[in-house]
Amino acid sequence: MVLCRRRRIFKGKLAGIGVVVLTIVVFTQYQEFLFLNCCNSTQQKNYEWHLTSPSFMIRTTNLSEIFVEVKPNNKNNISIFKAESSKVLIQTAARTETYINKRLQKHHQACVGKEFIIGREPDRSIPFHFQVSKSHQLIYCSIEKAGTTFWRRVLQVLDSTNLDNPYQIKPLNVNTHSQSLAKEDIFRMLAKLRTHAVFMFVRNPFSRLLSGYLDKIYTANPYYWGMIGKEIRSPEMNNAIMRLDKMKTLRRIEKTQIPCYHDITFDEFIQYVIDAENTTSHKRDPHFMSMYDLCKPCQINYDFIGKMETFKNDFNFIMGALNISKFDVNDLEKMTSDDIFLDVATSLDERRNEIVKCMSMHEAYLRSWKHMQIRGLISNQQNYPYSEKQSQYLNPIKFVRTLKTARSKSTSKEDLKRQKEQYFVDIYRTVELKKLEKLVKVLRSDFEIFEYEAYPEAVFVKNIKERLNHSEIFDVLR
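As a convention, each chain's residues are numbered from 1 in the sequence order in which they are written. It should be noted that, the model being predicted, local features are given only for residues of pLDDT at least 70 and side-chain atom pairs only at 80 or more, the latter also being counted only at that level, while totals for whole chains, interfaces and linings use all residues. Just so you know, side-chain values use all the structure's heavy atoms and leave hydrogens and water out.

Caption draft 1: Focus on the overall build of the chain. Comment: elements are numbered from the N terminus, with helices defined as DSSP H or I runs of at least four residues and strands as E runs of at least two. A count of helices and strands for the chain gives 22 helices and 4 strands. Out of the 478 residues belonging to the chain, those deemed buried represent 49%. Long-range contacts, defined as pairs at least 24 residues apart, comprise 77% of the intrachain contacts of the chain with a sequence gap of at least 6. Counting every atom, the chain has about 26,100 Å² of accessible surface; 53% of that belongs to carbon and sulfur. Exposed residues in this analysis have more than 50% of their type's maximum accessible area, buried residues have under 20%, and partly exposed residues fall in between, with area computed by a 1.4 Å probe over protein chains only. Any pair of residues with heavy atoms lying within 4.5 Å of one another is described as a contacting pair. To measure how exposed things are, a 1.4 Å probe is used in the Shrake-Rupley method; for residues, cover is taken only from the protein chains shown.

Caption draft 2: Focus on the nonpolar core. Among the buried residues, those of types Ala, Val, Leu, Ile, Met, Phe, Trp, Tyr and Cys that are joined through side-chain atoms within 4.5 Å form a nonpolar core. Residues F130, F269 and F399 are the most contacted members of the largest nonpolar core, which totals 90 residues. Every residue in contact with F399, bar those within four places of it in the chain, is listed here: V344, A345, L348, Y365, W369, Y384 and L394. Grouped together as the second largest cluster of nonpolar side chains are 31 residues, Y140, L163, F327 and L332 included.

Caption draft 3: Broad picture of helix α6 (residues 148-158). The buried fraction of α6 is high, at 10 of 11 residues. Of the residues making up α6, those classed as buried are T148, F150, W151, R152, R153, V154, L155, Q156, V157 and L158. In the core, the buried residues of α6 are packed alongside β1 (130-133), β2 (138-141), β3 (197-202), α13 (311-321) and α14 (329-350).

Caption draft 4: Representation of the sheet that holds β3. Pairing between strands is defined by DSSP: at least two bridges between them are needed. Overall, mixed pairing links the 4 strands, which are arranged β1-β2-β3-β4 in an open sheet. Edge positions in the open sheet fall to β1 and β4 (304-307), since each of these has one partner strand only. Recorded for the sheet is a direction-independent mean angle of 25° between the axes of neighbouring strands. Bridge count for β1 against β2 is 4 bridges, and the pairing is antiparallel. Bridging from a neighbouring strand, V132 pairs with I139 of β2. Here an axis means a line fitted to C-alpha atoms, over the contact stretch when the element is a helix, while the angle between two N-to-C directions is reported on a 0 to 180 degree scale.

Caption draft 5: Focus on the pairing of β2. Going residue by residue along β2, you find L138 and Y140 tucked away on one face and I139 and C141 tucked away on the opposite face as well. In textbook terms, the turn of a hairpin is the stretch between consecutive antiparallel strands, and for β1 and β2 this stretch comprises 4 residues, one of which, Q137, has a positive phi near 50°. Pairing of β2 with β3, which is carried by 4 bridges, proceeds in the parallel orientation. Bridging from a neighbouring strand, L138 pairs with A197 of β3.

Here it is as structure tokens:
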């Protein structure tokens, strides 16, 4: 009897708690209703303008379906009504800047019918691509090999009180203090995408892939040799391991017999990109992935899309729209090559112990020198001045000084530009024409969405000439 009485008392208390919780929920919903209906007319008009503005059109996708449910009913979203917010400033400036306005219109047109083309990048990885400046309410979607390092630095400088320019942050440390949306829950992330100014920078797919190959595969980069190089030649490696296992000599194999994958050709690299985008048989890397897959440009509403080909104008546009006078693009341009030289020199020095397992430091320095010539930073007439023995003891400071001297002795900017363009043509002549056509197919969305020519003369028409061998361009020990 006592036990039954206690159970009835417990059930009564539980019912009472349920009534209290239900009352709180109903009261909260009523408060939200009052808030939405008590906004003054000015705020309501602003809100309606944002919903009907072309750049705020909600597209039907996995992310945007959740996005529609996010309403400006809390303090975090009230910033959408501020006329001086970064989002409004950039949108207003974009309407008055003809070439930016046309670019955004063409982008919206290109996305029609592509709302569900979202690529294969996992949803959980998307927030990591978005970097935030809290002080200026900016969100930048990073596309590797399209100015990512520079923009991550800029956002950190904007949020800093002791930094004056982006190049005060070392390239190897650029991710240390970057703030991404990765730690945000889905609703806060979507709210910030709605209230912050969201932008991205893209690059010609052909130029981007060549830059990725030079930086991660051709120059001495043991990490990528082991990761991407192994992926490119994985069938060959797997067969070799199986043979060694059968012979029971795997443990006794010498280090020199283990492949380093430091000799991956550009033709092999392009085949890897095709396979990685076409199938799930290869691991993918953000440096070589489709741009639309990284930033979802037809699912997320971007207030601005910049291009590396018009970088100076686009950078000035953003800074001008936000009334930021902290940076001078001409001064930054002068610092760029010095920063590249420093990055190359320090990277070689820090990777020295791993590099020498695969090649001599002399060859590593020669490859970096050739890389600078391909980029049009130093002339072909300037030869690497150190012997094999001297290269073994070359330090970063001395190498940077040597690169700067070579740059100062190089020909005019026009000649360096032509040199860079010629390398571009010749390097793509090392790739089979059929393979290039397959590459265009797997990257078709990038060409269409970001308005790049899919069959440029420099890649296809000039490729009809006799093909070049990889060694004719890249072999530095001949």
